[in-house]
Each structure stands twice: as C-alpha cells, then as structure tokens.
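Here are the chains, one letter per residue:
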Amino acid sequence: MNKRFLIKATAALAAVAAFGTAHAQTTPIKFQLDWRFEGPSAFFLLPAAKGHFKDAKLDVTVDSGNGSGGAVTRVASGTYDLGFADLAALMEFHANNPDAPNKPVAIMMVYNNTPASVMALKKSGIKTPADLAGKKMGAPVFDAGRRAFPIFQKSNNIGNVTWTAMDPPLRETMLVRGDVDAITGFTFTSLLNIEARGVKAEDVVVMQYPDFGVKLYGNAIIASPKILKENPAAVKAFLSAFAKGAKEVMDNPAAAIETVKARDGIINTALETRRLQLAIDTVINSPSARAEGFGQVNGPRLSLMASQVSDAFNTKTRVKSEDIWNGSFLPTAKELDILPKAKK
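These figures come from a predicted structure and were not determined experimentally.

1. Some remarks on the sheet that holds strand S1 (residues 27-32)
So, step 1. Spatially, five strands are ordered S2-S1-S3-S10-S4 in an open sheet, and the strand pairing comes out mixed. The open sheet has two free edges, formed respectively by strand S2 (58-63) and strand S4 (105-109), since each of these has just one partner strand. Each neighbouring strand pair of the sheet contributes to a mean axis angle of 30°, computed without reference to strand direction.

2. A few points about the layout of surface pockets
So, step 1. The space that makes up the largest pocket amounts to roughly 600 Å³.
So, step 2. Forming the walls of the largest pocket are 34 residues, and the residues nearest its centre are Asp34, Trp35, Gly67, Ser68 and Phe186.
So, step 3. Broken down by class, the residue content of the lining of the largest pocket amounts to 17 nonpolar, nine polar and eight charged.

3. Concerning the packing of aromatic side chains
So, step 1. Applying the stated criterion to the full structure yields twelve aromatic pairs.
So, step 2. Judged by centre distance (4.7 Å) and plane angle (20°), the ring pair of Phe152 and Tyr209 falls under stacked. In this pair, Phe152 sits in helix H7 (residues 149-155) while Tyr209 sits in the loop between strand S9 (204-208) and strand S10 (219-223), placing the two residues 57 residues apart along the sequence. We note that Phe152, like Tyr209, is buried.
So, step 3. Ring centres of Phe152 and Phe212 lie 6.1 Å apart, and the angle between their planes is 65°; on these two criteria the pair is classed as edge-to-face.

4. A few points about the environment of Ile221
So, step 1. Mapping Ile221 onto the fold places it in strand S10.
So, step 2. Since its relative accessible area comes to 0%, Ile221 is described here as buried.
So, step 3. If we ignore the near neighbours within four places in the chain, the residues touching Ile221 are Phe31, Phe44, Gly83, Phe84, Val105, Ala106, Ile107, Met108, Val110, Phe238, Leu239 and Phe242.

5. Quick look at the sheet that holds strand S7 (residues 162-164)
So, step 1. With respect to topology, five strands assemble into an open sheet ordered S7-S6-S8-S5-S9, the strand pairing being mixed. Edge positions in the sheet fall to S7 and S9, since each of these pairs with one other strand and no more. Within this sheet the neighbouring strands show an average axis-to-axis angle of 30°, counted without direction.
So, step 2. The sheet contact formed by strand S6 (residues 136-138) and S7 spans three bridges and is parallel. In the strand pairing of S7, Gly138 is matched with Thr164.
So, step 3. Contacts from helix H9 (residues 187-196) reach strand S5 (116-121), strand S8 (182-186) and S9 within the one sheet, and its direction differs from that of S8 by about 125°.

6. Some points on empty space enclosed by the protein
So, step 1. Following the criterion strictly, the structure yields one cavity of 30 Å³ or more and no others.
So, step 2. Here the largest cavity defines a volume of roughly 50 Å³.
So, step 3. Asp86, Ala88, Thr114, Ala116, Ala144, Ala148, Leu216, Tyr217 and Phe313 together form the lining of the largest cavity.
So, step 4. Its residues placed into classes, the lining of the largest cavity shows seven nonpolar, one polar and one charged.

7. Some remarks on the confidence of the model for the protein chain
Should the pLDDT be low somewhere, the predicted coordinates at that spot are not to be read in detail.
So, step 1. The predicted model of the protein chain averages 93 in pLDDT, with 92% of residues at 70 or higher.
So, step 2. Note that pLDDT drops below 50 for residues 16-22; the model gives that stretch zero contacts with residues more than four away or on any other chain.

8. Looking at the nonpolar core
So, step 1. Ile221 and Phe238 are the most contacted members of the largest nonpolar core, which has 97 residues in total.
So, step 2. Sorting elements by how many residues they give to this core places helix H11 (residues 232-251) first, with ten residues.
So, step 3. By size, the runner-up hydrophobic cluster in this structure holds eleven residues, among which are Met119, Met166, Met174 and Ile183.

9. Structural notes on helix H12 (residues 253-263)
So, step 1. Every buried residue of H12 is accounted for by Pro253, Ala256, Ile257, Thr259 and Val260. Along H12, the residues classed as buried sweep out an arc of 145° about the axis, all on the same side.
So, step 2. Check the buried side of H12 and you find it contacts helix H2 (42-49), H11 and helix H13 (269-284).

10. Considering the side chain of Ser310
So, step 1. Examined against the element boundaries, Ser310 turns out to sit in helix H15 (residues 299-312).
So, step 2. Of the polar contacts made by the side chain of Ser310, one reaches the backbone nitrogen of Val319; its length is 2.9 Å.

11. Observations concerning the environment of Leu33
So, step 1. With respect to the secondary-structure elements, Leu33 resides in the loop between S1 and H2.
So, step 2. With 18 residues separating them along the chain, Leu33 and Gly51 place their C-alpha atoms 19 Å apart.
So, step 3. Beyond its immediate chain neighbours, meaning those up to four positions away, Leu33 contacts Ser41, Phe44, Val62, Asp63, Ser64, Gly65, Ala71 and Phe84.

Rules and cut-offs
- Residues numbered from 1 in each chain as written.
- Predicted model: local features only at pLDDT ≥ 70, side-chain atom pairs only at ≥ 80, totals over all residues.
- Heavy atoms only, no water.
- Pairing = 2+ DSSP bridges.
- Helix = DSSP H or I, 4+ residues; strand = E, 2+ residues; numbered from the N terminus.
- Axes fitted to C-alpha atoms, helices over the stretch in contact; angles between N-to-C directions.
- 1 Å grid on protein atoms, 1.4 Å probe; cavity = no way out; pocket = protein on both sides within 12 Å on 5 of 7 lines; lining within 4 Å.
- Points joined across faces, edges and corners; volume = space filled by probe spheres on them.
- Nonpolar A, V, L, I, M, F, W, Y, C, P; charged D, E, K, R; others polar.
- Phe/Tyr/Trp six-rings, centres within 6.5 Å; stacked < 30°, edge-to-face > 60°.
- Buried < 20%, exposed > 50% of the residue type's maximum accessible area, 1.4 Å probe, protein only.
- Contact = heavy atoms within 4.5 Å.
- pLDDT = per-residue confidence, 0-100.
- Core = buried A, V, L, I, M, F, W, Y, C linked by side-chain atoms within 4.5 Å.
- Arc of directions from axis to C-beta.
- Polar contact = N/O pair within 3.5 Å; in protein donor to acceptor, adjacent residues only side chain to side chain.

Quick look at the structure:
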C-alpha cells in the first residue's frame, strides 16, 4: 500500500514539475501600440485573442498608445519589450540620442508606405499641392505628416505655409469649421474623422504622400536591443505568430474587428472596419509592399528616407539606416507570403 502511494506521489510530483517547466518556458512580452485601440490594432489584438502568441509560448500584453514618439521612448526605457511606431520617429530618436544605451531597432515593416496625407475640403479651392502655398495648415506638433511635411513640400515645390497646432481630437473639427485650410494626418484616421463630422468623402481632397513623390516607410514593429540579445527565439516566435494573425486579419477584416471591440467596447464597429480596410488597401497591401515583400525593406529606399528625415527633422546627427533596421529575425519567405492578391 505504501509502495503504491509512493508511486502515485512520485507521478504527481513529476506532473507538477513538468507543468512548472512548461510554464517557465512561456516568455512574457509587453507590447506598446502607437495609438489607441482602432481598426488597425486588430493586427496585434487578433493573434493575442486567438492564441497565436500563446501557441508560440509567449504571454503578450498589448497596450494602447498616444503616438509613435511615445512608443519609441517606452521601448527605449525598457518599460516595453516591443512596440509599433512610425519609422521616421525611430530615426529621429536615434539621431537625436546618439549616446542612448538602449535604442530600439525596427525588425518588421508593417506599413510599407507612410499613411500621411494632406487633406482639404473641395470647397476651399485646394486641388493640388501647389495650391497649399500661403494657406493655413493644421495638425498636432507631433503628427507624422506635419513632421514630414518639409519632404512633401520640397518634392512638390510648395511655397510657404502657416501652421496652427491643436490637440488630435480638434484637428478635423477645425478643418470642417474653416479654422484651417488643410490638415495633415493618417489617411485612414483623418478621412473617416472628417466624414464623422458630416462631410462626404467625395467632398474631401486627399493627397497621400506616396502619390506625390514621398516614398517614406510607415510603421514598423520595433524591439529593444535587450530582448534581441537575451531572447532572440522569443522575438522570432512573436513575428511568426504576428504574420499568421496578420493574414487572418487581411482575409476577414470584419471578423478581426471583434478583437478590437473586445478591448474597447465603445468603438463604432462599422467605422473601425472601414478604417482597417483602408489601412490594408493604402499602406499594407500596397504595390510597393507586394514588390518588396511583406515585412521587408528596400536598402536604397531606406537610405534615402534616412537622409530625408535627417534634413526635414533637423536632427543632431545624421540618421544611419543600418543602425535602425535589423531584418534577421523575420519569418521565412513562405510565412511572409500573406498579402492578398492585387485587385484587378
């Protein structure tokens, strides 16, 4: 009887030990978004909700953000392991903090094109970039489109403009009210916000930066050097699980929005579904993304962007493209072959 008890006890202890070992192998990862929970955040919330990260032995926490600059600094501080941020903001941080000990690096490109646009109401008479000369433009001081506007301005020979700063919630309201003539913002954010204020989409002039000679990259997944060095396997597992989830998001955006709704119950489901689809169509599944491959970058294009950001942002030191990008953690070509076919 004692022998039988001993065997059972030993088996039970072995099971507990095995569970503890499996549990110990799960790596916690804190992930910082660039913005609040909106349509595009489904790309990160879906793989978390559907268990893709868990299946990869990762315990991923996804938090909302308040701008790319904040995402970069929080990863740099060590508060977060990974994040999602505009590549120009990452470049600026590197160039202005050359001696910082923990500068994040981009490890996967998600928005192959910058989502930045200039938007105006048709009734303003603004039709082309040249029409912006002498006009009053509005955007928050940290807005990616406003920061990169000198590149857009130079590429299109635009004369001087006057800027008005405001908090993000007021940007589209001030445009609709006529307080400013044009604004900069992400297409899939500001256009839908303008519509929400009673203006029809056909009454809005949208000048997307990539369509007017500004071939900047947009948002990328960024990582702290600490996690890249200490747990490269976890980083690779995260990117593989993310790619799997990203394909599901693009295959069925309407279903993916439910994962956003679960995190923020007051979102407008229809509006956020449109926002997500617009993001997919304009900056994720773009012609350049299909040419370069999802998740990847083109070396010469990255170098040009580094030079343009150095000039436009007037950084303390010149941006070195080789310092801000590390593609060695990317999944296989097969795993990255997730973009929907171009619509004919």
